[in-house]
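Secondary and tertiary structure notes
Chain residues, written in single-letter form:
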Amino acid sequence: MNEWPGDVSVLSAEQVAQLEASNRNWGKQLRTAASELVNERLAHRISREDYDVRRRQGKADAGEHQRRAAVLAAQLVRSC
């Protein structure tokens, strides 16, 4: 998920809801990618080193996903 405004407080409730839906979709993509990564490693299609690099990036992306979800949830509460 690349599109992320710097300040969500200037967005309308509808825009925040759209970002929240987009963020949920990104989360689903991250979970699918993590599952596929594990399956690749278990099938020995990728090296341990490649797995570790991709897993670290996946964890960083998941952390950003969670941060964005928290920001959006807080903004929705404020806008109601």
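Residues numbered from 1 in each chain as written. Predicted model: local features only at pLDDT ≥ 70, side-chain atom pairs only at ≥ 80, totals over all residues. Heavy atoms only, no water.

1. Comments concerning the overall build of the protein chain
Counted only if it meets this: Numbering goes from the N terminus for both helices and strands, where a helix is a DSSP run of H or I of at least four residues and a strand is a run of E of at least two. Type-normalised accessible area, obtained with a 1.4 Å probe on protein chains alone, sets the label of each residue: buried when under 20%, exposed when over 50%, and partly exposed for intermediate values. Charged residues are defined narrowly, with Lys and Arg counted positive, Asp and Glu counted negative, and His plus the chain ends left uncounted. Lys charges are placed at NZ, Arg charges at CZ, Asp charges at CG and Glu charges at CD.
Counting its regular elements, the protein chain contains two helices and zero strands. The C-alpha extent of the protein chain, read off along each of the three principal axes, is 50 × 20 × 15 Å. Looking at the 80 residues of the protein chain, the share that counts as buried comes to 20%. Looking at charge distribution, the protein chain has the averaged site of its 13 positive side-chain charges lying 5 Å from that of its 11 negative ones.

2. Thoughts on the pattern of salt bridges
Definition in use: Definition used for salt bridges: Asp or Glu carboxyl oxygen within 4 Å of a side-chain nitrogen of Lys or Arg.
Following the criterion strictly, the structure yields six salt bridges and no others. Taking the shortest distance from any N to any O, the salt bridge between Arg54 and Glu40 comes out at 3.4 Å. In this pair, Arg54 is assigned in helix α2 (residues 48-79) and Glu40 in helix α1 (residues 13-42), connecting sequence segments 14 residues apart. The exposure class of Arg54 is partly exposed, given its relative accessible area of 34%. One salt bridge connects Arg48 with Asp52, and the closest N-O pair in it is separated by 3.2 Å. Here Asp52 and Arg48 lie together in helix α2, a separation of four residues that amounts to about one turn. Here the salt bridges share partners, and the residues they tie into one network are Glu40, Asp50 and Arg54.

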